[in-house]
Amino acid sequence: MLKDLLHETEPVVYQALASALHNGTVSHAYLFSGEAGTPKKEAAFLLAMSLFCQNKTEDGFACETCRTCTRVLNREHLDCRVIDGSEKAVGKDDVDEMTASFAKAAAEGGTGQRVCILLQADNSSTAAQNALLKFLEEPGEGVTAILCVDGIGRILPTIVSRCTLVPFVPLPASYYYKKAVEQGVHEEDAYFLSHIVRNADDLKAQSEAESYTHALDMFRQTFDDNGPGAELLVDYDISYKLSDKKENLKMLGCWLDLIDLFAHDEVMEKEEGPDWYRTLLREKKKDSSYYVRMIQIVSEERDRCNKFNDQNLLCAQAFGRLEALKHGKKN
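Criteria and cut-off values
Residues numbered from 1 in each chain as written. Predicted model: local features only at pLDDT ≥ 70, side-chain atom pairs only at ≥ 80, totals over all residues. Heavy atoms only, no water. Axes fitted to C-alpha atoms, helices over the stretch in contact; angles between N-to-C directions. Helix = DSSP H or I, 4+ residues; strand = E, 2+ residues; numbered from the N terminus. Parallel < 35°, antiparallel > 145°, perpendicular 65-115°, else oblique. Left-handed = near helix turned anticlockwise from the far one by under 90°. Contact = heavy atoms within 4.5 Å. Salt bridge = Lys/Arg side-chain N within 4 Å of Asp/Glu carboxyl O. Pairing = 2+ DSSP bridges. 1 Å grid on protein atoms, 1.4 Å probe; cavity = no way out; pocket = protein on both sides within 12 Å on 5 of 7 lines; lining within 4 Å. Points joined across faces, edges and corners; volume = space filled by probe spheres on them. Nonpolar A, V, L, I, M, F, W, Y, C, P; charged D, E, K, R; others polar. Core = buried A, V, L, I, M, F, W, Y, C linked by side-chain atoms within 4.5 Å. Buried < 20%, exposed > 50% of the residue type's maximum accessible area, 1.4 Å probe, protein only. Expected span 1.5 Å × (residues − 1). Polar contact = N/O pair within 3.5 Å; in protein donor to acceptor, adjacent residues only side chain to side chain.

1. Regarding the packing of helix α11 (residues 210-222) against helix α14 (residues 275-283)
At a minimum axis distance of 12 Å, the contact between α11 and α14 shows a crossing angle of 30°. As judged from the angle between their axes, α11 and α14 are roughly parallel. Taken as a pair, α11 and α14 cross one another with a handedness that is left-handed. On α14, the residues that touch Leu-216, Phe-219 and Arg-220 of α11 are Trp-276, Tyr-277 and Leu-280.

Below, the structure is given as structure tokens:
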């Protein structure tokens, strides 16, 4: 149940929405903001269902089992529009179409409520955001907009000011570690995945994916000064590179995430994880400024890790910069 998930992972958000629903003080616009992996999307659909459901629970949330709730969740309800910016950038036409549909009376009657959910709303053009701003200024009676964003930096300040901001707090690695072990993931993999995967449902699948297992092998080779570390680029092309470009991109991203985790553990002087990893942390201890620079490099290369960049070049550039750092060269 989405309500149970929200109660367990985001108790402050749960209480805020429950209070608004119970007291009839639901805002005309919400901005759900939090890192990828936080249950913003699930909360958005739960709130939408709760505004339509005729069988609410005592705390004001939807029953989640009736036909109305099911239709909202399946994106079939005529008075609940979903615009998904994770699939493609939200354009002005998308917002204009939604605005036009909400200018009419509720199609299904019932509560008379109409809801618009904008997933990944930060992936919107400027024109789309300006159109959205106009919609939020004159939303119409019975209309609620729910915007979900990973960060508010790419949203117009005027949009933010017209929404009730609901921040979602990232879950600790311990939560994901526990979930991974419960799903049968080996403790070694659970440690790494709990720090780099932000969807509990993906932990088991990720532990078995070549994109993760190859990335872990690449990570170990990256820090192998007495072995084939210098041959990483050759081995990447021969042994690690995946034929599916999307999966290969995941692998490169995972490799960089593991290096980032290692550098952060060094800066924070942590000694956690499997035995070989703790040994590596002790063997590679350096001044914290070294690993701060490594974090910067990895962050910059991670930003370049997308389908538009040549993946061979991405790997070569990232590895080259890390090698230059190791040998004290500026990069």
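From this point, the narrative continues.
2. Focus: the pattern of salt bridges
Evaluation of the coordinates by the stated rule reveals 17 salt bridges. In this structure, Lys-3 engages Asp-59 in a salt bridge whose closest nitrogen and oxygen atoms are separated by 3.5 Å. Placement of Lys-3 in helix α1 (residues 2-9) and of Asp-59 in the loop between α3 (40-52) and α4 (67-73) is noted, with a sequence separation of 56 residues between them. Arg-162 is the salt-bridge partner of Glu-137, the closest N and O atoms lying 3.3 Å from each other. Taken together, the residues span a long stretch of sequence, with Glu-137 in helix α6 (residues 126-137) and Arg-162 in the loop between α7 (157-161) and β5 (164-167) at a distance of 25 residues. Members of the salt-bridge network, linked through shared partners, are Glu-300, Glu-301, Arg-304 and Arg-321.

3. Some details on the packing of helix α8 (residues 173-182) against helix α9 (residues 187-196)
A pair of packed helices is characterised by two quantities: the angle between their axes and the separation of those axes. The contact between α8 and α9 brings their axes to 8 Å, and the two run at 140°. It follows that α8 is oblique to α9 by the angle criterion. Here α8 runs over α9; the crossing is right-handed. In contact with Ala-173, Tyr-176, Tyr-177, Ala-180 and Val-181 of α8, α9 contributes Glu-187, Ala-190, Tyr-191, Ser-194 and His-195.

4. Things to note about the sheet that holds strand β1 (residues 29-33)
Sheets are built from strands paired through backbone hydrogen bonds, the pairs being either parallel or antiparallel. Within the open sheet, the five strands sit side by side as β2-β3-β4-β1-β5. Their pairing is parallel. The open sheet has two free edges, formed respectively by β2 (80-84) and β5, since each of these has just one partner strand. Adjacent strand axes in the sheet meet at a mean angle of 15° when their direction is disregarded. For β1 and β5, the ladder comprises four bridges, and the chain directions are parallel. When the bridges of β5 are listed, Phe-32 appears paired with Val-166. Against the sheet, α3 touches β1, β2, β3 (114-119) and β4 (143-149), its axis set at about 175° to β3. Taken strand by strand, helix α5 (residues 92-102) contacts β2, β3 and β4, and its axis lies near 175° from that of β2.

5. Examining the layout of surface pockets
Each pocket or cavity is described by its volume, and for the second largest pocket that value is around 190 Å³. Every residue along the wall of the second largest pocket is listed here: Arg-75, Arg-81, Val-82, Ile-83, Asp-84, Glu-87, Lys-88, Ala-89, Val-90, Asp-94, Glu-97 and Met-98. Broken down by secondary-structure element, the contributors of at least two residues to the lining of the second largest pocket are β2 and α5. Of the residues contributing to the lining of the second largest pocket, the split by class is five nonpolar, no polar and seven charged.

6. Focus: the nonpolar core
Ranked by size, the top nonpolar core spans 50 residues in total, and within it Phe-192, Met-218, Phe-219, Leu-252, Trp-255, Tyr-277 and Met-294 carry the most contacts. Broken down by secondary-structure element, the contributors of at least two residues to this core are α8, α9, α11, α12 (232-240), α13 (245-267), α14, α15 (288-303) and α16 (311-326). In this structure Phe-219 touches Trp-255, Leu-258, Ile-259, Phe-262, Trp-276, Tyr-277 and Leu-280, once residues within four positions along its chain are discounted.

7. Points about α13
A rise of 1.5 Å per residue sets the reference length of α13, with its 23 residues, at 33 Å; its end C-alpha atoms lie 33 Å apart and thus fit the reference within 8%. Sitting at the head of α13, Asp-244 places a side-chain oxygen 3.0 Å from the backbone nitrogen of Lys-246. Note on α13: the residue one or two positions beyond its end, Glu-269, has a positive phi of about 55°.

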